[in-house]
Structure formats: C-alpha cells, structure tokens
Amino acid sequence: MNQASLTLIKDSIKTIPNYPKEGIMFRDVTSLMENGEAFRLSIELLVEQFKDGGFTKIVGTEARGFLFGAPLAVALGLGFVPVRKPGKLPRPTNAQSYELEYGMDTLEIHQDAIVAGDKVLVVDDLLATGGTIDATVKLIRDLGGEVTDAAFVINLPDLGGEQRLKDLGLNVLSLCEFEGD
Ligand SMILES: O=P(O)(O)OC[C@H]1O[C@H](OP(=O)(O)OP(=O)(O)O)[C@H](O)[C@@H]1O
Ligand SMILES: Nc1ncnc2[nH]cnc12
C-alpha cells in the first residue's frame, strides 16, 4: 500500500483523551471522514486490497462499520449486510452478545442476509479487543457464510484484537495503528 496515503490517513485521525470515560484514548474516525482526501484514499486502498478476493458480500457493524463498509461495497459492486444493535432490524434475526473495551452489548443480523457459500469480507472502522468482530464472525458463520478476512481503518494493537481474530482463522488488514492504549 502507498506509504504517503497511509501517513495522510493516520495523520487525519484525532485522539480525544478520556472519552467516553477516564483512561480511554478515543481514536476519532470522524475526523478522517471530514477530510475528503483521507476518506477517499481509505476506500481506494481497501478496494485495491480486496478487489480480486472473490468476495460475495461485505458485512459492516453498527454504526461506524457502515461508514466504511457501505462505500467499499459500492466500489466493489458487492451487497452490503448491516450487523446492528438489538431491535433495529425488521426481518427475523440471530443475536450474539459480546464484550466491548468499555461495556457489554449484543449484535443482530438478518437470518436471510447470508446464504451458504457466501464469501464475506468484514469491515469496521476500528479494531480494539476484537469482541465486536468476533461476535460478527460468529453470526455470519452460524448462517453458513465463510469469513476469511477482516479490514479496519484503525488497529489498536495493545488491546489484542488482531491476535484474537487470527485465532478465529482470519487475515486482518488495517490502514493504521495507534499504540499506547
Ligand atoms: O474491537 P472492539 O473492542 O470490539 O471495539 C471496536 C468497536 O468499538 C466501536 O464501536 P462501538 O461499539 O463503540 O459502536 P459505534 O460504532 O456505534 O460507535 C468501533 O466502531 C468498533 O466497532
Ligand atoms: N479507543 C477507541 N477509540 C475509538 N473507538 C473505540 N472503540 C473501542 N475502543 C475505541
């Protein structure tokens, strides 16, 4: 991947100390999105990386995973499947609980959104503990989808998510890393 683009992307992300609570260094992807060039480059780099991967669908997790997963799906000509917080999806769903860096939550997916044989790329803005994507991968695999790759704009390596996802058999790609969390 182009080093100048990766540097521009990382430099566009602001850090807010002690948000949403004391001790968290919040890496704010909205500052990247406010920068048109950084936002475009982030999608272009992901397109370049995954265009020949043979994927049939992209899954993104609420809410920030939608912001990168949906434009990537459009650029790759793939369908986009949202994984959402409870009670938001209208058709029958499967649910999976998970632990966050700062709390617990549950995610849901439409039961008919993934079919056996789907090859799914999972996309989120940020990888911390990996709990969100671990739960997302379980939801997809339970429906018969194959998940081999997960892509992030930001990885927080100190929180162990990358190893957790590798232990689930995933290739993990991120556009930048922030240490010291
Ligand atoms: O790797 P993890 O420890 O699971 O943390 C990463 C997740 O946390 C954030 O989402 P959050 O749950 O705060 O929801 P939001 O996107 O709706 O703000 C982020 O967008 C990732 O989805
Ligand atoms: N440190 C962090 N910054 C931004 N989003 C997050 N989600 C979980 N941990 C986060």
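Analysis parameters
- Once a new chain begins, its residue numbering starts again from 1 and follows that chain's sequence as written.
- Ligands are numbered from 1 and chains lettered from A, in the order in which they are written.
- Under the rules for a predicted model, residues below a pLDDT of 70 receive no local features and side-chain atom pairs below 80 are neither given nor counted, while totals for whole chains, interfaces and linings still include all residues.
- With hydrogens and water stripped out, all remaining heavy atoms of the structure feed into the side-chain values.
- UniProt positions are given in the numbering used here, feature names are shortened, and annotations may be inferred rather than shown by experiment.
- Residues are classed as near a molecule or strand on a simple rule: at least one heavy atom within 4 Å of it.
- The term polar contact refers here to a pair of N or O atoms within 3.5 Å; inside protein, the definition further demands a hydrogen-donor-capable atom paired with an acceptor-capable atom, and it admits residues adjacent in sequence only when both atoms are side-chain atoms.
- We get accessible surface area from the Shrake-Rupley algorithm with a probe of 1.4 Å; when it comes to residues, only the shown protein chains can shield them.
- Strands are treated as partners if at least two bridges between them are detected by DSSP.
- In DSSP terms, a helix is any run of H or I states spanning at least four residues, a strand is any run of E spanning at least two, and both are numbered starting from the N terminus.
- The axes used here are C-alpha line fits, helices contributing only the stretch in contact, and every angle between their N-to-C directions lies in the interval 0 to 180 degrees.

By the naming in an unreviewed UniProt entry, the protein chain is Adenine phosphoribosyltransferase, taken from Ferrimonas pelagia. In the Catalytic activity (unreviewed entry) part of its UniProt record, the protein chain is described as follows: "AMP + diphosphate = 5-phospho-alpha-D-ribose 1-diphosphate + adenine". Turning to the protein chain, the UniProt annotation filed under Subunit (unreviewed entry) states: "Homodimer."

## Observations concerning the site of ligand 1
As a structural note, the neighbourhood of ligand 1 is formed by 16 residues, with Asp124, Asp125, Thr129, Gly130 and Thr132 the closest of them. A distance of 3.1 Å separates an oxygen atom of ligand 1 from a polar atom in the side chain of arginine 64. In the model, an oxygen atom of ligand 1 is placed 3.4 Å from a nitrogen or oxygen of the glycine 131 main chain. For ligand 1, whose accessible area on its own is 500 Å², the fraction buried by protein is 88%.

## Considerations on the sheet that holds strand β4 (residues 79-83)
Reading across from one edge, β4-β3-β7-β8-β9 is the order of the five strands in this open sheet, with parallel pairing throughout. Edge positions in the sheet fall to β4 and β9 (171-177), since each has one partner strand and no second. Here the average twist between neighbouring strands, direction ignored, is 20°.

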